[in-house]
Amino acid sequence: MEIIRTVSELRNRVSRGREKGQTIGLVPTMGALHEGHISLVSRARKENDLVVVSTFVNPTQFNNKTDLVTYPRNEQADVEKLEKAGVDIAFIPSVEEVYPEPDTRVFDLGPVAQVMEGKMRPGHFNGVAQIVSKLFDFVNPDRAYFGEKDFQQIAVIKSMLHLTGQKVEIVPCPIKRHPDGLAMSSRNQLLDAEHRAMAPQIHKTLEESREKAKTLPVQELRSWVKESLEKTGNFQVEYYEIVDGDTMQPVDQLHPLPENAVGCITVHCGGVRLIDNIRY
Ligand code: AMP
């Protein structure tokens with residue numbers, strides 16, 4: 001595996017691959033890699049000749065400075081995992097390399113970016129669009145792999161592609177979970193033992209809500225999920241929305257069940273912000 005730290009070297013390396021007719025798969029990550037990331041990498045490995053994984057904690061998508069500072073980083077362990085997963089190129093740039101000057105682009109990402117994460121984290125999706133459009137420009141991949149754990153992000157990236165005109169196939173990949181149901185996340189490392197033990201309750205509650213969705217109206221189901229978690233005293237629900245999986249807009253009824261309804265949640269647990277979702 002080659003470790004590349006500069007944009008010019010990355011561009012040269014991928015264009016050599018292109019000249020040989022190789023297909024290119026890109027997996028953008030912020031490092032602190034776990035099996036969720038590796039599931040994306042394995043899929044990319046199967047479907048492309050050249051696999052590029054970026055690990056870059058992108059400052060422009062953090063609307064909260066403390067979150068940026070405390071975000072877990074572990075380059076050495078990441079490199080070992082990527083090597084083992086058969087990656088060709090690990091792109092590990094510095095902030096100065098990616099942003100030699102401030103990125104002032106403002107993306108009009110539309111309604112998909114105005115709800116849930118977009119509403120609660122102002123500027124977050126604009127930062128995501130900045131970094132992902134740059135990575136697409138550096139690598140010019142045929143395919144890029146994103147996890148459904150960040151469900152709304154996938155819709156936002158598709159919206160970004162309409163604006164930039166970049167031609168990249170977006171490949172959504174299923175959520176990888178721990179055996180106890182907790183969605184894998186770099187942020188799980190920040191949970192203390194007590195809260196780590198409680199956190200699987202989030203997925204459990206969402207699973208139970210599937211059964212409740214058969215009878216409860218949307219608003220009651222939303223309240224049920226929020227109250228079930230909050231009454232334990234261990235969780236604060238930032239939002240829970242049941243949305244159309246393409247438009248990200250709230251569904252107004254569950255009976256009959258819309259084809260593409262997804263419940264998206266953000267919960268604070270022991271000072272850590274955790275996100276998850278479930279298909280109804
Ligand atoms: P991050 O490093 O958190 O920005 O995540 C990089 C990519 O990995 C994103 O597309 C995430 O959605 C994806 N990802 C993170 N956690 C998981 C997971 N548990 N299962 C599947 N994909 C994931």
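Reading guide: rules and limits
- Residue indices begin from 1 for each chain and proceed along its sequence in written order.
- Local features are withheld for residues below a pLDDT of 70 in this predicted model, meaning they are given only at 70 or higher, and side-chain atom pairs are given and counted only at 80 or more; totals for whole chains, interfaces and linings count all residues.
- For side-chain calculations, the full set of non-hydrogen atoms in the structure is used, while hydrogens and water are omitted.
- Every definition here rests on a 1 Å grid over the protein atoms only: cavities are sets of points where a 1.4 Å probe fits but cannot get out, pockets are open sets enclosed by protein on both sides within 12 Å along at least five of seven lines, and lining residues have some atom within 4 Å of a point.
- Grid points are joined across faces, edges and corners, and a volume is the space filled by probe spheres set on the points.
- Put simply, DSSP H or I for four residues or longer makes a helix, DSSP E for two residues or longer makes a strand, and each gets a number counted from the N terminus.
- For two strands to be treated as a pair, DSSP must find at least two bridges joining them.
- Note on geometry: axes are C-alpha line fits, over the in-contact stretch for helices, and angles between N-to-C directions span 0 to 180 degrees.
- Contact criterion: two residues are considered in contact whenever any of their non-hydrogen atoms come within 4.5 Å of each other.
- Nonpolar residues are Ala, Val, Leu, Ile, Met, Phe, Trp, Tyr, Cys and Pro. Charged residues are Asp, Glu, Lys and Arg, and all others, Gly as well, are polar.
- A cutoff of 4 Å decides nearness: a residue is near a molecule or strand if any of its heavy atoms lies inside that distance of it.
- For this analysis, a polar contact is any N or O atom pair within 3.5 Å, provided that within protein one partner can donate a hydrogen and the other can accept it, and provided that sequence-adjacent residues contribute only side-chain to side-chain pairs.
- Throughout, the Shrake-Rupley method with a 1.4 Å probe supplies accessible areas, and for residues the shown protein chains are the sole cover considered.
- Should more than half of a molecule's atoms lie within 2 Å of a pocket's or cavity's grid points, that molecule is taken to sit in it.
- What makes a nonpolar core is a set of buried Ala, Val, Leu, Ile, Met, Phe, Trp, Tyr and Cys residues whose side-chain atoms join them at distances within 4.5 Å.
- Here the term buried applies to any residue with accessible area under 20% of the maximum for its type, exposed to any over 50%, and partly exposed to those in between, with areas from a 1.4 Å probe on protein chains only.
- A helix is expected to span 1.5 Å multiplied by its residue count minus one.

Caption draft 1: Structural view of empty space enclosed by the protein. Enumeration according to the criterion identifies two cavities of 30 Å³ or more in this entry. Taken as a whole, the largest cavity spans an internal volume of roughly 830 Å³. Taken together, 48 residues form the lining of the largest cavity, with M30, H37, K149, D150 and Q153 sitting closest to its centre. At the level of elements, β2 (24–29), α2 (35–47), α7 (124–139), β5 (143–147), α8 (151–164), β8 (261–269) and β9 (272–279) are the ones that each hand at least two residues to the lining of the largest cavity. Counting residues per element, the lining of the largest cavity draws most heavily on α7, which supplies six residues. Taken as a whole, the second largest cavity spans an internal volume of roughly 80 Å³. Contributing to the lining of the second largest cavity are K149, L182, A183, S185, N188, I202, I265, V267, L274, I275 and D276.

Caption draft 2: Broad picture of the sheet that holds strand β3 (residues 50–55). Read from one edge to the other, the open sheet built from six strands follows the order β1-β4-β3-β2-β5-β6, with strand pairing classed as parallel. The open sheet has two free edges, formed respectively by β1 (2–4) and β6 (169–173), since each of these has just one partner strand. The sheet shows a mean angle of 25° between the axes of neighbouring strands, taken without regard to direction. Summarising the sheet, β2 and β3 pair through six bridges and their orientation is parallel. In the sheet register, P28 faces β3, and the bridge partner there is S54. Against the sheet, α2 makes contact with β2, β3, β5 and β6, and its axis sits at roughly 155° relative to β5, the strand it touches most.

Caption draft 3: Representation of the layout of surface pockets in the model. Considered as a void within the structure, the largest pocket measures approximately 240 Å³ in volume. Only α3 (65–70) and β9 provide two or more residues apiece to the lining of the largest pocket. Per-element accounting of the lining of the largest pocket gives the leading share, three residues, to α3. Here the residues of the lining of the largest pocket sort into three nonpolar, six polar and five charged. In this structure, the second largest pocket encloses a volume near 200 Å³. Among the elements that make up the lining of the second largest pocket, the one with the highest residue count is α8 (five residues).

Caption draft 4: Region of the structure containing the site of the ligand. Around the ligand there are 17 residues in total, and H37, G147, D150, K176 and M184 lie nearest to it. Taking M30, its main chain carries an N or O atom lying 2.9 Å from an oxygen atom of the ligand. Expressed as a share of its isolated accessible area of 480 Å², the protein-covered part of the ligand is 93%. Comparing atom positions with the cavity grids shows the ligand to sit within the largest cavity. Secondary-structure elements contributing two or more residues to the shell around the ligand are β2, α2 and β5. Taken together, the residues of the shell around the ligand break down into eight nonpolar, six polar and three charged.

Caption draft 5: Structural context of the nonpolar core. Counting residues in each nonpolar core, the largest one holds 44 residues, and the members touching the most others are L10, V52, F136, M160 and I170. Here the element with the most residues in this core is α7; it accounts for nine residues. The contacts of M160, once residues within four sequence positions are left out, are F107, L109, A129, V132, S133, F136 and Q166. In terms of nonpolar packing, the next biggest core, distinct from the first, is built from 26 residues, A199, L206, L216 and V251 among them.

Caption draft 6: Examining α2 more closely. The terminal C-alpha atoms of α2, which comprises 13 residues, lie 18 Å apart, in line with the 18 Å expected from a rise of 1.5 Å per residue. The set of residues buried in α2 consists of G36, H37, I38, L40, V41 and A44. Buried residues along α2 sit against β2, β3, α4 (75–84), β5 and β6.

Nothing here speaks to function; it is geometry throughout.
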